[in-house]
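The residues making up each chain are set out below.
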Amino acid sequence: MYNIDTIIDETLIKSLMEVGEKQTNQVQYTLAQKAYAEAYVRIVKLANRNPLKYRTKLIELFNLRAKLYERQERYDLAIGEYREIISLGRILLRETSLLSYVTLLAHTSKKVAHLHQKYHNKQLAQYFFNEALEYYKILEEESPYSYQEVDILLIHLSLIEFYEYENLFEHAKTHYKEALLFAEKLVNRGMIEYNHELGKLHCDLASLYFFEANFEEASKHYHISLKLLKEFVQIESEAYTESLAIVQNNLASIYASEKKYDKALFFYKQALPYLSSLAEDNPAKYGHNVAVLFKNLASIYFYEGNTQKAEFFHFKSIELFEEFSQYNEQKYQLELASCIIDGVEYYDQHSLTLYNAEHILKSYHFNQEAEKLLSRISKLRTYKKFNKINY
């Protein structure tokens, strides 16, 4: 039964929390903190008498204080408040087994993970993202909802980013597969906007396999991605255009490595307008990709015996590497030197041009790729000299 002191405390706590929230919205942070501090003292007093009832009021207060600290960009203090909520949520879940506390723990763990992500503490972000996933799994088993599946998808995407950054590719693949599963669930629920996310996931997973030279898996996921992107997504955006360009360019590279030149040519030509569009809007980011594509086209036509087209794309690639070197000299000059050497080796250009390549490469000290190209120059000069003498 209530006594008068409890009623007074509860009334004051409610008023103090309302005052704190109002002062936070009015950017009166010192006054808000003062109100919350007074409310905290009174809630703790009541919680000592009735823990099960007033711990929930503590959770409410910690949440308000966390939002106050976030408004102030004091993320370390906000994290501290959210972790208090997690500690209390665990206790209450053990005591009651209520799903509402599972939901609380899932959302709060995800929130802490995001704050750690923003706060550049990657290890703790990973820990809390994984903890959030465990709680979301319980919710999925009991009562699956779309909003939960969206949250789970976003967590998997964050973990993919972390693991790829750390070169832990097997871990990344695990989360790619989970992310694909939840993206498909959302699409099957009628949320067709996730078709683009699904296409991008297949593209990114394929690129991971491509990086590992697992071309069979890469090709499979690229083809799925291409179908999804073309069939369901018609959004003129950089992300959409980039995904299509990557898929078709890398499929072409796979077919070129398998000496399936007809297919390689088909996909290079398909990729070209998308890459050209991206490079036109953002030459610093995408110009290199167009130049490399021209270089690859030259190579394909060379192997097919079409010398005229091979030379055309070879000179276009040199032109682009020279043009885009203004954005990133180190990156493009190395490619430029490689193209010049290709011209002498494959297209019977004058060996004097090798001096230009050599001049570029000498600025790359202790660079393995530059050393390889200098070795090619040396071999070419020996070969040319030998042929001249014999001639």
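The structure under discussion appears in the preceding block.
Residues numbered from 1 in each chain as written. Predicted model: local features only at pLDDT ≥ 70, side-chain atom pairs only at ≥ 80, totals over all residues. Heavy atoms only, no water.

Caption draft 1: Highlighting the overall build of the protein. Helix and strand content of the protein: 17 helices and 0 strands. Expressed along its principal axes, the backbone C-alpha trace of the protein runs to roughly 115 × 45 × 35 Å. In the protein, of all internal contacts separated by at least 6 residues, the share reaching a separation of at least 24 is 59%. Just so you have it, the protein exposes about 21400 Å², and 53% of that area is on carbon and sulfur atoms. Computing the positive centroid from 46 side-chain charges and the negative centroid from 53, the protein places the two 3 Å apart. (Helix = DSSP H or I, 4+ residues; strand = E, 2+ residues; numbered from the N terminus. Contact = heavy atoms within 4.5 Å. Areas by Shrake-Rupley, 256 points an atom, 1.4 Å probe, with all protein chains shown as cover. Lys, Arg positive; Asp, Glu negative; His and termini not counted. Charge placed at Lys NZ, Arg CZ, Asp CG, Glu CD.)

Caption draft 2: Structural view of the environment of Ser219. Mapping Ser219 onto the fold places it in helix 10 (residues 215–232). Under the relative-accessibility criterion, Ser219 is labelled buried at 15%. Residues Ser219 and Ala252, 33 residues apart in the sequence, show an inter-C-alpha distance of 9.8 Å. (Buried < 20%, exposed > 50% of the residue type's maximum accessible area, 1.4 Å probe, protein only.)

Caption draft 3: Focus on the environment of Ala47. Within the secondary structure, Ala47 sits in helix 2 (residues 29–49). Here Ala47 falls in the buried class, since its relative accessible area comes to 11%. Counting along the chain gives 10 residues from Ala47 to Lys57, while the straight-line C-alpha distance between them is 8.7 Å.

Caption draft 4: Helix 13 (residues 283–304), seen in detail. With 22 residues, helix 13 ought to run about 32 Å at 1.5 Å a step, and its terminal C-alpha atoms sit 30 Å apart, in line with that. Positive phi appears at Gly305, one or two residues downstream of helix 13, with a value of about 85°. (Expected span 1.5 Å × (residues − 1).)

Caption draft 5: Representation of the environment of Lys200 in the model. Mapped onto the elements of the fold, Lys200 is located in helix 9 (residues 194–211). Taking the C-alpha atoms as reference points, Lys200 and Ala239, separated by 39 residues in sequence, lie 8.7 Å from one another.

Caption draft 6: Representation of a nonpolar patch on the surface in the model. A cluster of nonpolar side chains, contributed by Ile4, Ile7, Ile8 and Leu12, occupies part of the molecular surface with about 340 Å² of accessible area. Among the residues examined, Ile4 registers a relative accessible area of 59% and is labelled exposed. (Patch = residues over 30% accessible without salt bridge, like charges linked within 9 Å, V, L, I, M, F, W, Y side chains within 5 Å. Salt bridge = Lys/Arg side-chain N within 4 Å of Asp/Glu carboxyl O.)

Caption draft 7: Molecular detail of the pattern of salt bridges. For the structure shown, the criterion picks out 23 salt bridges. For the salt bridge of Asp9 with Lys45, the shortest nitrogen-to-oxygen distance reads 2.9 Å. Of this pair, Asp9 sits in helix 1 (residues 4–25) while Lys45 sits in helix 2; the two residues are 36 residues apart in sequence, bridging distant segments of the chain. Take Asp9: its relative accessible area is 3%, and that puts it in the buried class. Look at Lys45 and you get partly exposed, because its relative accessible area is 37%. Across the salt bridge formed by Lys14 and Glu18, the nearest N and O atoms sit 2.8 Å from each other. Taken together, the positions of Lys14 and Glu18, both in helix 1 and 4 residues apart, correspond to about one turn of that helix. For Glu18, a relative accessible area of 44% puts it in the partly exposed group. Through salt bridges that share partners, Asp9, Arg42 and Lys45 make up one connected network.

Caption draft 8: Looking closely at the packing of helix 2 against helix 3 (residues 51–71). The N-to-C vectors of helix 2 and helix 3 enclose an angle of 165°; their axes lie 9 Å apart at closest approach. Here helix 3 runs roughly antiparallel to helix 2, going by the angle between their axes. The element helix 2 and its partner helix 3 pack so that their crossing is left-handed. Taking contact as the criterion, the partners of Tyr29, Ala32, Gln33, Tyr36, Ala37, Ala39, Tyr40, Ile43, Val44, Leu46, Ala47 and Arg49 in helix 2 are, on helix 3, Pro51, Tyr54, Lys57, Leu58, Leu61, Phe62, Leu64, Arg65, Leu68, Tyr69 and Arg71. The residue makeup of the contact of helix 2 with helix 3, split by class, is 18 nonpolar, 1 polar and 4 charged. (Axes fitted to C-alpha atoms, helices over the stretch in contact; angles between N-to-C directions. Parallel < 35°, antiparallel > 145°, perpendicular 65-115°, else oblique. Left-handed = near helix turned anticlockwise from the far one by under 90°. Nonpolar A, V, L, I, M, F, W, Y, C, P; charged D, E, K, R; others polar.)

Caption draft 9: Spotlight on the packing of aromatic side chains. A complete count under the given rule lists 14 aromatic pairs for this structure. Measuring from ring centre to ring centre gives 5.5 Å for Phe169 and Phe211, while their planes differ by 65°; the resulting arrangement is edge-to-face. Of the two residues, Phe169 is situated in helix 8 (residues 169–188) and Phe211 in helix 9; the sequence distance between them amounts to 42 residues. Using a relative accessible area of 19% as the deciding quantity, one classes Phe169 as buried. Ring geometry for Tyr301 against Phe313: centres 5.8 Å apart, planes inclined by 5°, an arrangement best described as stacked. Of this pair, Tyr301 sits in helix 13 while Phe313 sits in helix 14 (residues 307–324), and the two are 12 residues apart along the sequence. By relative accessible area, which is 5% here, Tyr301 ends up buried. Every member of this aromatic cluster is reached through a ring pair, and the members are Tyr261, Phe302, Tyr303 and Tyr346. Here the guanidinium or amino end of Arg65 rests over the ring plane of Tyr40, the centre of that ring lying 5.1 Å away. Lying across the ring of Tyr355, Arg381 places its NZ or CZ 4.5 Å from the centre. (Phe/Tyr/Trp six-rings, centres within 6.5 Å; stacked < 30°, edge-to-face > 60°. Lys NZ or Arg CZ within 6 Å of the ring centre and 35° of its normal.)

Caption draft 10: Representation of helix 4 (residues 75–96) in the model. Look at helix 4: 31 Å from first C-alpha to last across 22 residues, which is about the 32 Å you get at 1.5 Å a residue. Among the residues of helix 4, Tyr75, Ala78, Ile79, Glu81, Tyr82, Ile85, Ile86, Leu88, Gly89 and Leu92 are the ones counted as buried. In the core, the buried residues of helix 4 are packed alongside helix 3, helix 5 (99–118) and helix 6 (122–142). Positive phi shows up at Ser97, right after helix 4, with a value of about 60°.

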